[in-house]
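The chain contents come next:
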Amino acid sequence: MTPTWTDQAPIYQQLADRLAVQLLDGSPPEGEALPSVRALASQYVINPLTVTRALQALAEHGLVEPRRGLGMFVTAGARERLLRQEREQFLQKDWPALRAKLKRLGLSAKDLNWEST
């Protein structure tokens, strides 16, 4: 299945975001290597230079680090940093908008089933 990209952000940023979600999920684990640039370019059907830019963006945030001749590796504490950032963004941006929508729709906590799949 070919991944879809939107016009809302550069493709390298969208890829960096997708890889960050995978890091949040623990894949690959801290200290382990990410797939190669070629492998990611093939998987996502994009130019290797775009993949390189996405990996640079992750490196700039301290989530991965290059190891000469070996590739990019997930840094220690990367998942915890991402989790902290995602929680902060959710609480500051996403939650207020979601709370307002729930209020407009007349939904309360008892109407929401947290455990359903």
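Residues numbered from 1 in each chain as written. Predicted model: local features only at pLDDT ≥ 70, side-chain atom pairs only at ≥ 80, totals over all residues. Heavy atoms only, no water.

## Notes on the packing of helix α2 (residues 37–44) against helix α3 (residues 48–60)
Point 1. Contact pair α2 / α3: the axes reach a minimum separation of 9 Å and the direction vectors enclose 115 degrees. It follows from the interaxial angle that α2 and α3 lie roughly perpendicular. Two packed elements cross with a definite hand, and for α2 against α3 that hand is right-handed. Between α2 and α3, the residues in contact are V37, L40 and A41 and P48, V51, T52 and L55, respectively.
Point 2. Its residues assigned to classes, the contact of α2 with α3 comprises six nonpolar, one polar and no charged. (Axes fitted to C-alpha atoms, helices over the stretch in contact; angles between N-to-C directions. Helix = DSSP H or I, 4+ residues; strand = E, 2+ residues; numbered from the N terminus. Parallel < 35°, antiparallel > 145°, perpendicular 65-115°, else oblique. Left-handed = near helix turned anticlockwise from the far one by under 90°. Contact = heavy atoms within 4.5 Å. Nonpolar A, V, L, I, M, F, W, Y, C, P; charged D, E, K, R; others polar.)

## Digging into the side chain of Q14
Point 1. Position of Q14 relative to the elements: it lies in helix α1 (residues 11–24).
Point 2. The exposure class assigned to Q14 is buried, which follows from its relative accessible area of 11%.
Point 3. In this structure the side chain of Q14 is engaged in a polar contact, spanning 2.8 Å, whose partner is the backbone oxygen of T6.
Point 4. The contact partners of Q14, leaving out residues within four places of it in the chain, are W5, T6 and A9. (Buried < 20%, exposed > 50% of the residue type's maximum accessible area, 1.4 Å probe, protein only. Polar contact = N/O pair within 3.5 Å; in protein donor to acceptor, adjacent residues only side chain to side chain.)

## Focus on the UniProt feature "domain: HTH gntR-type" (unreviewed entry) in the chain
Point 1. With numbering matched to this structure, UniProt assigns "domain: HTH gntR-type" (unreviewed entry) to residues 9–77.
Point 2. The straight-line gap between the two end C-alpha atoms of residues 9–77 is 27 Å; of that span, 51% is helix and 12% is strand. (UniProt positions renumbered as here; feature names shortened; annotations may be inferred.)

## Points about a nonpolar patch on the surface
Point 1. On the surface, F90, L91 and L98 cluster together into a nonpolar patch covering about 270 Å² of accessible area.
Point 2. The exposure class assigned to L98 is partly exposed, which follows from its relative accessible area of 37%. (Patch = residues over 30% accessible without salt bridge, like charges linked within 9 Å, V, L, I, M, F, W, Y side chains within 5 Å. Areas by Shrake-Rupley, 256 points an atom, 1.4 Å probe, with all protein chains shown as cover. Salt bridge = Lys/Arg side-chain N within 4 Å of Asp/Glu carboxyl O.)

## Focus: unusual backbone geometry
As a rule of thumb, non-glycine residues mostly have phi less than zero, and peptide bonds are mostly trans rather than cis.
Point 1. In this structure, the amide linkage connecting S27 to the following residue, P28, adopts the cis form with an omega of -5 degrees.
Point 2. Mapped onto the fold, P28 is located in the loop between α1 and α2.
Point 3. Even without being a glycine, V45 presents a positive backbone phi close to 55 degrees.
Point 4. As for its position among the elements, V45 is in the loop between α2 and α3.

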